[in-house]
Structures are given as structure tokens and as C-alpha cells.
Amino acid sequence: MISAQSRKRVAPPPQRGRGTTGEPWVWLTAMGLTLGLLMVVYLIGLIIVNGLEVFWPTRVVQIELREGSKAGINDARQFGGKIVKVQQKATQAEGTRDHSEWQVMVGNKETYGFGFFYIDHADIAGVSYPADVMLLERLEYGDAIGLPIALQIKGAGTVPATTAEFMTRLQSLVKEVNQRRDEIRHLEKKDIGRINAKMDSLRLQQRTLERAQPAGTSVPERQLKPLQSAMAALQAEYEVLAKRAHDLRSQQDEHVLTYRLMTGEERRLALGHIVHYYFPNQLSALQRLGLFVHNMWVFLSEEPREANTEGGVFPALFGTFVMTLLMSLAVTPFGVLAALYLREYAKQGLVVRTVRIAVNNLAGVPSIVFGVFGLGFFVYLVGGTIDQLFFSTALPTPTFGTGGIVWAALTLALMTVPVVIVATEEALAAVPRGTREGSLACGASKWQTIQRVVLPAAAPGILTGLILAMARGAGEVAPLMLVGVVKLAPTLPMDGLFPFVHLDRKFMHLGFHIYDLGFQSPDSDAAKPMVFATTLLLITLIILLNVGAIWMRDRLRKKYATGAF
Amino acid sequence: MMEELVKTVEPLKIADPILDIEHLCFYYGSKEALRNISLALPRKRVTAFIGPSGCGKSTLLRCFNRMNDLVEGVHIEGTIKLDDEDINAPDIDVIHLRRRVGMVFQKYNPFPKSIYENVVYGLRIAGVRNRTILAETVEKSLRAAALWDEVKDRLRESALRLSGGQMQRLCIARAIAVHPDIILMDEPCSALDPIATSHIEDLIDELKQDYTVIIVTHNMQQAARVSDFTAFLYLGELIEFDVTNKIFTAPSKKQTQDYITGRFG
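The shown structure was predicted, so the numbers you read here are calculated from the model rather than taken from an experiment.

A.B. asks: I would appreciate a short explanation of the overall build of chain B in the present structure.
C.D. replies: Counting its regular elements, chain B contains 11 helices and 10 strands. For chain B, whose C-alpha radius of gyration is 18 Å, the value lies close to the compact-globule estimate of 18 Å for 265 residues. Overall, the C-alpha framework of chain B stretches about 55 × 40 × 35 Å when taken along its three principal axes. Counting all 265 residues of chain B, 46% fall into the buried class. In chain B, of all internal contacts separated by at least 6 residues, the share reaching a separation of at least 24 is 67%.

A.B. asks: Help me out: how do you make sense of the interface of chain B and chain A in this one?
C.D. replies: Often, the extent of an interface is quoted as the loss of accessible area upon association of its parts. Contacts between the two partners involve 23 residues from chain B and, on the opposite side, 23 residues from chain A. When contributions to the side of chain B that touches chain A are tallied by element, the ones reaching two or more residues are α3 (94-100), β6 (101-104), α4 (115-125) and α7 (164-176) of chain B. Of the residues contributing to the side of chain B that touches chain A, the split by class is 12 nonpolar, six polar and five charged.

A.B. asks: What is the right way to read unusual backbone geometry from this model?
C.D. replies: Negative phi characterises most residues that are not glycine, and trans characterises most peptide bonds. The phi torsion at N108(A) lies on the positive side, around 50 degrees, for a residue other than glycine. You can see N108(A) is positioned in the loop between β3 (100-105) and α3 (109-112). Look at D83(B): it is not a glycine, yet its phi comes out positive at around 50 degrees. Locating D83(B) in the fold gives a position in the loop between β4 (74-82) and β5 (85-86).

A.B. asks: Would you explain helix α8 (residues 194-207) of chain B in this entry?
C.D. replies: Since one α-helical turn is 3.6 residues long, residues separated by three or four positions face the same way. Residues and elements named next belong to chain B. Helix length check: α8, at 14 residues, gives a terminal C-alpha distance of 20 Å against a target of 20 Å (1.5 Å per residue), a fit within 8%. Those residues of α8 lying buried are I200, L203, I204 and L207. Taken down its axis, α8 places every buried residue within 105 degrees of arc, on the same side. Facing away from the buried side of α8 by over 90 degrees, the exposed positions are P194, I195 and E206.

A.B. asks: Can you help me understand the environment of A413(A) in this one?
C.D. replies: Residues and elements named next belong to chain A. Within the secondary structure, A413 is located in helix α10 (residues 405-429). Judged by C-beta crowding, with 24 C-beta atoms within 10 Å, A413 ranks as buried. Sequence-wise, A413 and A441 are 28 residues apart; in three dimensions their C-alpha atoms are separated by 37 Å. The residues contacting A413, other than those within four sequence positions of it, are M327, A330, V331 and F334.

A.B. asks: How should I be thinking about the nonpolar core in this particular structure?
C.D. replies: Counting 150 residues, the largest nonpolar core has A409(A), A173(B) and I183(B) as the members making the most contacts within it. What A173(B) contacts, discounting residues up to four positions off in sequence, is V119(B), S141(B), L142(B), A144(B), A145(B) and L147(B). Counting residues in each nonpolar core, the second largest holds 26 residues, with V60(A), L65(A), V104(A) and I145(A) among its members.

A.B. asks: Would you mind going over the domain arrangement of chain A with me for this structure?
C.D. replies: Along its sequence, chain A is carved into domain 1 (61-90 + 97-145), domain 2 (157-254) and domain 3 (319-558). Computed over C-alpha atoms, the centres of domain 1 of chain A and domain 2 of chain A are 43 Å apart.

A.B. asks: Please explain α10(A) as it appears in this structure.
C.D. replies: Residues and elements named next belong to chain A. Look at α10: 35 Å from first C-alpha to last across 25 residues, which is about the 36 Å you get at 1.5 Å a residue. Its axis deflected by about 45 degrees at T416, α10 carries its strongest bend there, up to four residues before the proline P418. Most of α10 is tucked away, with 22 of its 25 residues classed as buried.

A.B. asks: Before we go on, may I ask you to explain the sheet that holds strand β10 (residues 237-243) of chain B in this structure?
C.D. replies: Pairing between sheet strands relies on hydrogen bonds along the backbone, with the strands arranged either parallel or antiparallel. Residues and elements named next belong to chain B. Strand order in the open sheet formed by six strands is β6-β7-β8-β3-β9-β10, and the pairing between neighbours is mixed. The open sheet has two edge strands with one neighbour each: β6 and β10. In this sheet, adjacent strand axes meet at a mean angle of 20 degrees when their direction is disregarded. Of the strand pairs in this sheet, strand β7 (residues 182-186) and strand β8 (residues 212-216) are connected by five bridges, and their pairing is parallel. Bridging across to β8, M185 finds its partner in I215.

Cut-off values and rules
- Residues numbered from 1 in each chain as written.
- Chains lettered and ligands numbered in written order.
- Predicted model: local features only at pLDDT ≥ 70, side-chain atom pairs only at ≥ 80, totals over all residues.
- Helix = DSSP H or I, 4+ residues; strand = E, 2+ residues; numbered from the N terminus.
- Rg over C-alpha atoms; globule rule 2.2 N^0.38 Å.
- Buried ≥ 20, exposed ≤ 12 C-beta atoms within 10 Å, placed from the backbone.
- Contact = placed C-beta atoms within 7 Å.
- Nonpolar A, V, L, I, M, F, W, Y, C, P; charged D, E, K, R; others polar.
- Expected span 1.5 Å × (residues − 1).
- Arc of directions from axis to C-beta.
- Core = buried A, V, L, I, M, F, W, Y, C linked by C-beta atoms within 7 Å.
- Domains from an automatic or database assignment.
- Bend = angle between axes of the 7 residues up to and from the residue.
- Pairing = 2+ DSSP bridges.
- Axes fitted to C-alpha atoms, helices over the stretch in contact; angles between N-to-C directions.

Dropping the structure here:
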């Protein structure tokens, strides 16, 4: 659009001799901008469309195969699923036939052995949308798609799918198993986790005692006794909880849903495996929208399942957020102090110029190099030393001497510190000389002047630097792989267990999650939508962090309303 | 009133001067900016420094609170005595000196803070925490700077929202909040319109009741209006220092005559 406007304005180019007019260059610059904008808009659009599509509940289609065409799934003449993609085949047969093919998400991976099926459009005799087809999100093997037959309720016989009772019973029972599943998770994660943490600390105490003994002697009974009795009490407590968890688990499998696949097989599924179900061909537009929002919420708030291809990304989202926050906390004072010295105290000369050039060059070092440095310096040297000094009883199991969120944050802080230094230096240089002199003339010392006048005036500029640093840091993946990111972290870096913020823990990160899903997943077709959704989320998170920082900067600017300096 | 201060008219002798400058030479690197200046400035009077651009009047003013320390490569010879204390002596605390010798700059330079915080700045950095004292000082200083009635309802607003003339008066309030002995003014009206200028000039007239004011100005009418004494500097030298009336009516040097009649400068 921009180029079209420019073209109209500049055409025809005035003929005033060779290169005497700048007008063609306007056109060229507009072209450059247009091209850049188009690429960005296309990228963002692609991510938004593909990312949001994941959550939209589409209809399930039943496909009848043409007589004499090549066999469908398990030799059946029909099958069903969600149409994912319509495309032209890569290798096209002779003749004038229809070359398009459909990619169908057929689900029922445990029966078919695959989750997606390609069918030639030419082989399709007809499609229909059976109303009672049901989509079941399961804990394992992805989605199941089928037609319900009956519900076998323990002690209450069988409820056929044709009765009105079927729906109400199914709804209440699925709700019940989901509640029970939450209860089990709470028991295992929170309660048993707390007991495990206590047991670990008791074991460490015992080891400390053993180490303190001279060689050859054992720890006196009098010291061991209280530890052992505490341990026994915990063990008893654990067994009660473990038994309760086991009982709950066995209750999960009491009721069974039977359903028939569209290829004809009959299957049984214990209700305990169902996460969520719906009838995709019966939904009204509003219900569809409700499900769309629900799916997004699940994606944001739940933990991943099945090698990260199902469930949500909450741990990765949270890990990215906490890591970026920690990084900002580390990089700001670090960068601002360095810039203060360079700009305010250091004698401007060759040395300072060299340092400045070096700092700028540091911003161009490949991030993986920072990762390697972080691993060698932070993890092995600093972390290893901390372990030896404070956590020696736990050795050889490392506490801080292995990748962790604090080391990742520090590595990224180191990587982004040049950005903050440069921005801060510029902000400091922009504080008018008159303001500094005014402060000094009031009898302020240099430090008082910096602290009370220069820094507040430079704060918006410093925040700009921080925004740039965050934007770079939050999207970085390569160095993190060396210093603490994992594909599945059992715990969050912050939780209710003392000391609440666990700097030593490994964490999940959206950027790494994208890499892991897209390139390390066993089922790339199932992972693809998640890759888009996660990318969209990562971009949104970075935008939100930036908007937050920009909002803070504008508030500061307003506070110190730009006067006529 | 003048006669009691001026013992003899030629050369001018000031009794009990607040600042006594003797043989002051000032160098930026190897460039000589002030040459052998000797001058005694009267207490609680307004003294104006006039002269063409680059004559060293601002440099001389900035010697009095050692603002020139901030510039690299400067060098001072001679003595400046503030109440018989050499302000360039090594044992002088420059922070203490600047509290006694306040300054108002050519370009108003309020801090990016509230009006209130601007006024109490000098007190805060001196460690005053008592709220009553701070509030009293704000009112007293703003009243003294003839700004109180205009800003009393918005003391917590940013000082940068004031008009230029108000900002300059705020800077004067900031300078007098710490009760200095001397207020240095470096062309305080050059960035202001005529109405704001007349406000400031009225204010200077008030200020000499309690303070010694030394003002650098380009504007000879202003010097004639506000000052009791005037010093004319030219090319780093003090050409003439006398009672303002005399400088403007019967200068004893030809250069002064030429300058005030507008023949150069």
C-alpha cells in the first residue's frame, strides 16, 4: 500500500539529468519498509492463525471410501476424524485425476498405531457428519473419536447411550473422576512431596553426624535416636497417604465407557482416563466459542502430558516468566552501575573508549558462547564452590553445581548487560549539564547528585535499555540449554515449600519447549499445533513484558513531565 | 547610604567586604581567562558584573562557589577570601562553601521533582528530616522568591510544569532555602520574557535586605536598575569597579564609556 502511494506521488520521475533528484530513493526506501512490514505481518499472521486454530473445536467428518479404491484404515470402508489439511500430492499420478489429498486427524492411536491419516480426495465416495460422534480427550494416546455405546457403572449395571440417563450420568461421573484426579495429584505432589522433603533433610542430618565422627566409630545411639524416630513417624505418615492415593487410583477405573470406532472396532475406556469429552458435531456457535476459551485456558494453566504434545504449558510459561524477571533483577543494577562509572566517574580517555568498544562488541558475541561460559563459570565454578561450602553433605548429588534457574538468569543477564550499559550511558549523557550544576550548587556531593537528580532523570532511558534486554533475553534458547532448561521439570521454581523461591531448580522455558516439541517429539503431526500455540504464547508473553515496562517508563516520564530543558 | 561604605572614591574601597579578591588569575589550560583581578565586594548589596561576551564575568562568578572545579584543566592563582577565609585553601570543604554561596543559573534548571522537593533539596542533602522545618522552609523560601501565591496549591506537582519565569523563581527559592550568605546569579533573566524579567528584578531588590547578590548580566539597563555597584570587565581584566550610578553617568575609563554608550560589545 505504501509503495503504491509513493509510486503515484513520484511517477513520472523528473528528467533532470543523471541522479540529480532524490525522488527515486523515496520509492526505494518505501519499498524496503513495505517488504519488511509484509514479512513481519505474514509471520505474525501465520503464528496467530495457526496458534489459535489449535483451540477451535472443529467438526468430525465421517468419510466413506469409493468401491475399488485402495484400502482405508484396518480394511474398513469408512473412517472418521478431523480434517487438518487439504493439499496437492507431491507425486502426481498419470491422467487428469484429482490430485488433492486430505490429512485427517483420526485419533485412536492405540488402535490404529497412528494419529493422522492421508486419504486421496479421489478415493472418497462421500462425507457425513454423524451427530452422536464423541471426542474424548484422554490421559494417554491422545484423543479418541467414536460413537458411544454404553456406560458400565459399577454396581448399577449398564446404561445404554440411547437413553436420556446416559448423558447426565456420564457428565457427573467424568466430573467425579476429574475431581478425584486432582485430589490424587494434590496428595502425591503436595503432601507426599512435603514428607519427602522432610525425609531428605533428616537423611542429610544423619550424614552430617556420620561425617563428624572420627573414622571407625559410629554415631552414638543417643544422637541417632531422635532422627530415627522422626524418620519412622514420617514413614508411617507416608504410608497412610500412599495407601489413600492407591485407593483413589483404583476407584478411578471402576466405571467403563464402551464406544465404537468409525472403522467398526468396539473399545472400552475406564472413565479415569477421560480428561474431557464433547460432541463436536452437536455444538452451537456459542458452545464452540466456550470450548475455544476453555481449551486456551487448559493450555495456559495445565501441565503437559504425553511428551509435551498434550495438556498445557503452564510450567514453561511460568519458568520463562520467572527467569526473565530474575534476569531483569540481575541485569539492571549490574548494567546501571557499570554505566554510571563509565560515564560519571571514569576519566574519559583511551581506556574508557576501549572499554566502551569492548562492551559494544560483547553484544555481538553468539549467545551459545555465553551458554558455554555460564556452564563453566556459574555452574561448575561458582555452583560447585557453593555446593562444597554449604551443601557438602548432599554431595555427590549437586545442589547448585548443576544447571538451575539462577544460573540461567545470570547467564542471560551477562548476555544482555551491554544493552543496558549502552542505553544507560546514553540516558545519563542526555541529563542536562545545568541540572547537575544546579544540584552541585546546592551543596550536593557528586554521589548525591547522581542518586537524587541524575538517576531519576535518566530512569526512562534506563528502562528503555531494560526493555531491549528483556526482549532479547526472554526469547533466547541456545544458552539456556546448557545452564538449566529441561524438557520436563517435575517442580516449579516457586512453590509453597520453604524457601518458596528455589533458585537451584531446573525449569522449563517456552523457547526450549518449541524446539523440543517441533524437533524432538516422536509424533510431529501431533506436536505441530502445539508448536504454533506455544510460539504465539511466547510472543504474547514478550509483548506483555515489554508493554509492562513501557507503561512503567511512561509513568516515570509523566512523573517528571518533560519540561523545557 | 552609599557614602558610609565608600571611604574614598578613588580608588573605591569597601569596608568589611564579604568577598575579597586579590590578584586573581584564571586559566583554562594555557588560555588566560582572568588577568590579575582585585576586587572587594560589599555585604548585603547587589553587585553587577557587566562586559561583552567572553570577557570572563561568568568565569569570575563561578570562581566564588568553585563551580569551575568541574571543568577539567583549570588553574587558579591569587586568593579569594570569603569573610577572611581563602576559599581555595585545601582544607576548605567545597560542599560547605556552596551552601554559603548559592547560585542561580542562566538557564533555569529545576530538578525533575515536585516543586516542594526542589525547594527542600538543599536541606535534604544536608540531612534535615524534620517535616515541620522542611514545610516552613518551603513556605518561607517561596514567599521570599515571590512564588508562594502562584504554587501553594500544587506543591506536589512536577516543577517542570511551571512557566519559565516561575521556574527561575523556583531556582531562586531553592538557592535561598539553605540560607546562603551570597547568591550568585548568572544572567538570570536572559531566557525570560520582559514581564518575568521584571518579576525577577523586583525580587533581587527584595533579596538584598538579607543577602549579598552578585549578578552577571548582559543587559546594561538591568544592571543600572538592580545593582548598587557595578564592575566592568573586558578581555579578562577588571576595567572599572564603582558605584553603579557613577559607572553609568561618569565612568572614569574610556573603555567603560565606550561600552555603556554602545560603541562596542
